[in-house]
Amino acid sequence: MNFQIKNPKLVTIAVCLIPMLWLFVDIAFDNLGSNPIQALHIRLGDWSLRFLCMTLAITPLQTMTKWRGMADYRQMFGLYAFFYATLHLLTYLAIDNNFEWSLIGTDIIESPYIWFGVVAYWVVFALAITSPKWVMKRMGKSWKKLHRLVYIGTMAAIIHYFWQLKGNLAEPLLYLIIIFFLLGFRVLAGLTSRQLNKMMIPKGHE
Amino acid sequence: MIIKTHKDIPSSEITDKKVFNERRTLIKAMLVTAVGATMPSAWANNAKPNAWDLAKSDLSNTALTPTPIELVKNYTNYYEFTLNKEDSTKLAQNFIVDPWSLEISGEVEKAGTYHLEDILQLQTLEERIYRFRCVEAWSMVVPWVGFSLANLLKLAKPLSTAHFVKFTTIQQPETMPNQRNNVMLDWPYIEGLRIDEAMHPLTMLAVGMYGDALPKQNGAPLRLVVPWKYGFKSIKAIVKIELLKAPPLTTWNKSAPAEYGFYANVNPAVSHPRWSQNSERQLGSGFFTSRRQTELFNGYGEQVASLYQDMDLRHFF
């Protein structure tokens, strides 16, 4: 308990690594079913999307609870979304395709669902490299504009998810509903309160 | 000092060995009868068929190594039960496969409804190792047990007006949750072939796999296997085969006509609108193994390409 109060951020960093460790355990015990490579893809993609949703939930949560200083967590979750998206991409390139570039090239060109994944990854990548505080300061107002792309990236990630499925659309639909609510909240709150824009900027930058 | 605690069994009470053995035989016979009475066919409770004398087939890809059976049993698209690939293993266990009858009707001289056992008595079961390629870009190698569909259709004597064959899956909403709740597709599931495709020797009706009866989730008791077409053409749990003048409207084609065509021939050059069909993940292959380059007609081009000689496969996908 003491530890949690002293180092909540460290604890969060550790907790966010659990999905990866869990995946290692499932790989070690052959728990990923008949098509383990696809299961791995979906798990990593899922976690990236979950962290994106958590990132997007921080500001509404802050508005509702009037808590402050959550921007660091928003940054942390965003970086974890990038982390899991990168593992997802590496899985595709290395574990699924063994870096056979001709297969990979054809696959990307011929698969529209992957185009959405590429868009989502570039957005998350751009947000991750501009996430350090000093970059944020140097970018000024354009930082906020750039980071609003997170909604585009998340939408692209959701399309990437359900655009590759033949049947079971339940899970991507769930993400779509979550994003719809989070975005809806931001739009409504933006209309009712100009204060929200101020709260989007982390402490020390106001 | 030896204390005798009980008397030896008197010889009169020891069962004569011959009588003992006779009793055993009798008990065994009674058991067999009892089992036979509750499971009159080979498919009940997935019991191993008693006498499958499997013939070898020239149509079998004996060079291919079958995918481990557990992977094949636990990765099925059986939307009548569930939209995922794992849960049908369990959900299908309540499915009733016995008794089973098959209706053959339409443009035939001899229409009728037959018990599956009677149909099988007229067929020689063969084992055929085929590659099975799903439209979702994964594949597996399965040793099916069955016979050429042509051998059955010939018995019904198709008329010259029979240009297409329509297959229908059973409607069994009491055991199939997604039929009961009208989930996603129009039930029952319907598939179709052109008559020359149906009469092709590679096209088979399967009743088993891996030397055993078909597991319920894999399409028991009777399914179609068309190895040069995407897996969704290989309809499961068939109760009706109709020979028709015109092409039937098939389930996936009806549900998403831009994505799933009537022909559905495996073709790496014709992408699905949302994903490439150029390569496939082979079930059972390890991490860091490349995907397999998909072959035209799933590698059966030599046998079937002539069926599509003058057709634009991009248009007739």
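Fair warning: this is a prediction, and the values are worked out from it, not measured in the lab.

Some remarks on the overall build of chain B
Part 1 of the argument: Each helix and strand counted, chain B has 9 helices and 12 strands in total.
Part 2 of the argument: Expressed as a percentage of its 317 residues, the buried residues of chain B come to 40%.
Part 3 of the argument: Considering only contacts within chain B whose residues lie at least 6 apart along the sequence, 70% involve residues at least 24 apart.

Some remarks on the overall build of chain A
Part 1 of the argument: Helix and strand counts for chain A come out as 12 helices and 0 strands.
Part 2 of the argument: Element order for chain A, N to C, with α for helix and β for strand: α-α-α-α-α-α-α-α-α-α-α-α.
Part 3 of the argument: The principal-axis extents of the C-alpha atoms in chain A amount to approximately 50 × 40 × 35 Å.
Part 4 of the argument: Counting across all 206 residues of chain A, residues that qualify as buried make up 28%.
Part 5 of the argument: The long-range share in chain A, meaning contacts at least 24 apart out of those at least 6 apart in sequence, stands at 70%.

Structural notes on the sheet that holds strand β1 (residues 101-106) of chain B
All names here are of chain B.
Part 1 of the argument: Reading across from one edge, β2-β1-β10-β5-β6 is the order of the 5 strands in this open sheet, with mixed pairing throughout. If you trace the sheet from one side to the other, it starts and ends with β2 (112-115) and β6 (190-194), each paired once. Taken pair by pair, the neighbouring strands of this sheet meet at an average axis angle of 20°, ignoring direction.
Part 2 of the argument: As paired elements, strand β5 (residues 164-169) and β6 share 5 bridges and run antiparallel to each other. Each bridged residue has a counterpart across the sheet, and for Phe167 the counterpart in β6 is Glu191.

As for the environment of B:Thr124
Residues and elements named next belong to chain B.
Part 1 of the argument: Examined against the element boundaries, Thr124 turns out to sit in the loop between α4 (116-121) and β3 (126-133).
Part 2 of the argument: In this structure Thr124 comes out as exposed when scored by C-beta crowding, with 12 C-beta atoms within 10 Å.
Part 3 of the argument: For the pair Thr124 and Ala63, spaced 61 residues apart in sequence, the C-alpha separation works out to 23 Å.
Part 4 of the argument: Apart from residues no more than four positions distant in its own chain, Thr124 is found in contact with Ala55 and Phe147.

Section: the pairing of strand β10 (residues 238-244) of chain B
Part 1 of the argument: The sheet contact formed by β1(B) and β10(B) spans 4 bridges and is parallel. Within β10(B), the residue paired with B:Glu103 across the bridge is B:Lys240.

Let's talk about the environment of B:Phe147
All names here are of chain B.
Part 1 of the argument: When you line up the elements, Phe147 lands in strand β4 (residues 138-148).
Part 2 of the argument: Taking the C-alpha atoms as reference, Phe147 lies 30 Å from Asn278; in sequence the two are 131 residues apart.
Part 3 of the argument: When neighbours within four sequence positions are excluded, Phe147 is seen to be in contact with Gln123, Thr124, Leu125, Glu126, Met204 and Leu205.

Considering the environment of A:Asp96
Part 1 of the argument: Looking at the element boundaries, A:Asp96 is found in helix α5 (residues 71-96).
Part 2 of the argument: For the pair A:Asp96 and A:Ala189, spaced 93 residues apart in sequence, the C-alpha separation works out to 43 Å.
Part 3 of the argument: Not counting residues within four places of it along the chain, the set of residues in contact with A:Asp96 comprises A:Ile37, A:Thr91, B:Arg281 and B:Arg291.

Notes on the packing of α5(A) against helix α7 (residues 112-129) of chain A
All names here are of chain A.
Part 1 of the argument: Their axes nearest at 9 Å, the elements α5 and α7 cross at an angle of 135°. Relative to α7, the element α5 is oriented oblique. The two elements α5 and α7 cross, and the hand of that crossing is left-handed. Contacts between α5 and α7 involve Gly78, Leu79, Ala81, Phe82, Ala85 and Leu89 from the former and Tyr121, Val124, Phe125, Leu127 and Ala128 from the latter.

Describing the interface of chain A and chain B
Part 1 of the argument: Each partner contributes residues to the interface: chain A has 23 residues there, and chain B has 24 residues.
Part 2 of the argument: Those elements that provide at least two residues to the side of chain A that touches chain B are α4 (36-65), α5, α6 (101-110) and α7 of chain A.
Part 3 of the argument: Per-element tally for the side of chain A that touches chain B: the top contributor is α6(A), with 4 residues.

Focus on the packing of α4(A) against α5(A)
All names here are of chain A.
Part 1 of the argument: Direction vectors running N to C along α4 and α5 enclose 160°, while the axes themselves pass 8 Å from each other. As the angle between them shows, α4 and α5 are arranged roughly antiparallel. In this structure, α4 meets α5 at a crossing whose hand is left-handed.
Part 2 of the argument: Looking at the contact of α4 with α5 residue by residue, the class counts come to 17 nonpolar, 7 polar and 2 charged.

Let's talk about the confidence of the model for chain B
All names here are of chain B.
Part 1 of the argument: Per-residue pLDDT for chain B has a mean of 89; in total, 84% of the residues score no lower than 70.
Part 2 of the argument: Within the model, pLDDT remains below 50 along residues 28-47, and this stretch shows 21 contacts once partners closer than five positions in the same chain are excluded.
Part 3 of the argument: Predicted complex, confidence summary: ipTM 0.85, pTM 0.84.

What counts, and where the lines are drawn
Residues numbered from 1 in each chain as written. Chains lettered and ligands numbered in written order. Predicted model: local features only at pLDDT ≥ 70, side-chain atom pairs only at ≥ 80, totals over all residues. Helix = DSSP H or I, 4+ residues; strand = E, 2+ residues; numbered from the N terminus. Buried ≥ 20, exposed ≤ 12 C-beta atoms within 10 Å, placed from the backbone. Contact = placed C-beta atoms within 7 Å. Pairing = 2+ DSSP bridges. Axes fitted to C-alpha atoms, helices over the stretch in contact; angles between N-to-C directions. Parallel < 35°, antiparallel > 145°, perpendicular 65-115°, else oblique. Left-handed = near helix turned anticlockwise from the far one by under 90°. Nonpolar A, V, L, I, M, F, W, Y, C, P; charged D, E, K, R; others polar. pLDDT = per-residue confidence, 0-100.

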